[in-house]
Amino acid sequence: MRLVRFADGNRDPLGVERDGRVNVVESPSMDDLIGPGRDGIAMLGPVRERAAVARAESSLSVEHLSLLSPIRRPGKIVAVGINYAAHAAEGGRPAPADPVLFAKFPTSVIGPGDDIVWDPALTSAVDYEAELAVVIGRTCRRVDESTALDYVLGYTCLNDVSARDLQFADKQFVRSKSLDTFCPIGPVLVTPDEIPDPQALRIRSYVNGELRQDASTADMIHGVAELIAFCSRAFTLESGDVIATGTPAGVGWYREPKALLHDGDEVVIEIEGIGRLVNRCREEPTAGAS
Ligand code: MG
C-alpha cells in the first residue's frame, strides 16, 4: 500500500494512493497507527479494507492534494552517518565498522512542497542528502537482524538537510541537522509488501533538475535490517520512529567546486518504488538582525 496524509481543512486524513488516485480512509488516521505502544502494522489490514470500500465512492487525484509528511511528528529520528562507501570516500573517511548514529530533532520535519528555510546569518553552507527513511511500526527492542524487517511500517524519502558550517564547527551533527525545516519527509509511505527488498532501490537527488546523487540502496554499508537490530540493542524503537539510513556520494559539500543550496533552489529526492520528494529553498533573514 501507498499511504499518504494530506491537508483537508482542519483535518489531515489518511489516504491510500494507487495509480495517481487516492482513496480516503476516514478512520484510522496515521496518528492512530503510530506512537508509543501502538501497533501500526496490525492496523494496515483495516486500512486496506476501508480503502477498498472507499474505492466505490469518490477518489481524489493525488495531483490536487496538498500532501503532508506521512509522519507528522516522529517520536525520534535516528540518522545514520557515513553509510555508503562512496560517500565515506568523498569525505576522506574510512567506512565505519559499526553504524554511526546521530539524532535529528522531530521539530525539523516538513512535508512535500514545504520550503526548506534558513537564516543566512546562521548558516551559509546548506546541503542536501538523499536518504531512504524507514518508519517503525511497532515496539522494537533487542531484535535480531533476521526478524528486524517485521517491525517496519513502511519506507519513504527523506532529505537529511545539513548546515555544513555548523556541522564542522560543532564537531557533531545535532544542531546542524536539526534546524527547523531541515527534515523533509514524503511524499508517500510505502508498506513493505510493495518493497520486499529495501536494499534494491535506486536513490537519486536533483537540484534545479541537475542530477546530483545516483546510487542504489544495495550500496549501504549497514543495511536496513542490520540498522534496526543495531539500534534496538541500544534503545527501544517505537511506532512512528524514523531511521534515516544515510546518503550516497554526491552531496554538495564534497563536489568540486562546492555546490551548496541557495535561495530559490528546488531539491528533489527520488527513490525507486516510492516517488519524488520536492522542496524549494528559501533564505529568510531573522527580522531585525543586522
Ligand atoms: Mg545523512
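That block above? That's the structure.
First, a word on scope: everything that follows refers to the structure included in this document. (Residues numbered from 1 in each chain as written. Predicted model: local features only at pLDDT ≥ 70, side-chain atom pairs only at ≥ 80, totals over all residues. Heavy atoms only, no water.)

A count of helices and strands for the protein chain gives six helices and 19 strands. For 290 residues, the compact-globule formula gives about 19 Å, and the C-alpha radius of gyration of the protein chain, at 18 Å, lands near that figure. With the C-alpha coordinates of the protein chain rotated into their principal frame, the extents come out at 55 × 45 × 30 Å. Counting over 290 residues, the protein chain shows a buried share of 54%. (Helix = DSSP H or I, 4+ residues; strand = E, 2+ residues; numbered from the N terminus. Rg over C-alpha atoms; globule rule 2.2 N^0.38 Å. Buried < 20%, exposed > 50% of the residue type's maximum accessible area, 1.4 Å probe, protein only.)

Below, the discussion takes up helix α2 (residues 44-54). Burial in α2 covers these residues: L44, V47, A51 and A54. Looking down the long axis of α2, one finds its buried residues gathered within 80 degrees of arc, a one-sided arrangement. Among the exposed residues of α2, those oriented more than 90 degrees off its buried face are E49 and V53. Of the surrounding secondary structure, the elements contacted by the buried residues of α2 are β1 (2-7), β2 (14-18), β3 (21-25), α1 (30-33) and β12 (152-159). (Arc of directions from axis to C-beta. Contact = heavy atoms within 4.5 Å.)

Right, let's talk about the coordination of the magnesium ion for a bit. Around the magnesium ion, the protein contributes the donor atoms E129 (OE), E131 (OE) and D160 (OD), at 2.0 to 2.1 Å from the metal centre. Considered as a linear motif, the donors of the magnesium ion on their single chain read E-x1-E-x28-D. Here E131, found in strand β11 (residues 130-136), pairs with D160, found in the loop between β12 and β13 (162-163); they are 29 residues apart in sequence, far enough to count as distant. There is no split in this pair, since E131 and D160 are both buried. (Donors = N, O, S within 2.8 Å, 3.2 Å for Na, K, Ca; no water.)

Next up on the list: the pattern of salt bridges. What the rule picks out here adds up to 21 salt bridges. For D214, the salt bridge goes to R202, with nearest N and O atoms at 2.7 Å. Taken together, the positions of D214 in strand β16 (residues 210-216) and R202 in strand β15 (residues 202-207) put the pair twelve residues apart, joining distant regions of the chain. Using a relative accessible area of 39% as the deciding quantity, one classes D214 as partly exposed. Beyond isolated ion pairs, a larger network of salt bridges with shared partners links K104, D127, E129, D160, R164 and K177. (Salt bridge = Lys/Arg side-chain N within 4 Å of Asp/Glu carboxyl O.)

The mixed open sheet is built from five strands, whose spatial order is β9-β19-β18-β15-β16. With one partner strand each, in any of the chains shown, β9 (115-118) and β16 form the two edges of the open sheet. Taken pair by pair, the neighbouring strands of this sheet meet at an average axis angle of 20 degrees, ignoring direction. Here β9 runs beside strand β19 (residues 275-283); their pairing, made up of four bridges, is parallel. Note that in β19 the partner of D115 across the bridge is R280. (Pairing = 2+ DSSP bridges. Axes fitted to C-alpha atoms, helices over the stretch in contact; angles between N-to-C directions.)

Taken as a whole and assessed by the stated rule, the structure comprises two aromatic pairs. Positioned over the ring face of Y151 is R138, at 5.2 Å from the centre of the ring. A cation over an aromatic ring shows up here: K258 above the ring of W253, its NZ or CZ 4.2 Å from the ring centre. (Phe/Tyr/Trp six-rings, centres within 6.5 Å; stacked < 30°, edge-to-face > 60°. Lys NZ or Arg CZ within 6 Å of the ring centre and 35° of its normal.)

This paragraph deals with helix α6 (residues 224-234). Those residues of α6 not exposed but buried are V224, A225, L227, I228, A229, C231 and S232. Each element contacted by the buried residues of α6 is listed here: β6 (77-81), β7 (100-104), β11, β12 and β17 (242-244).

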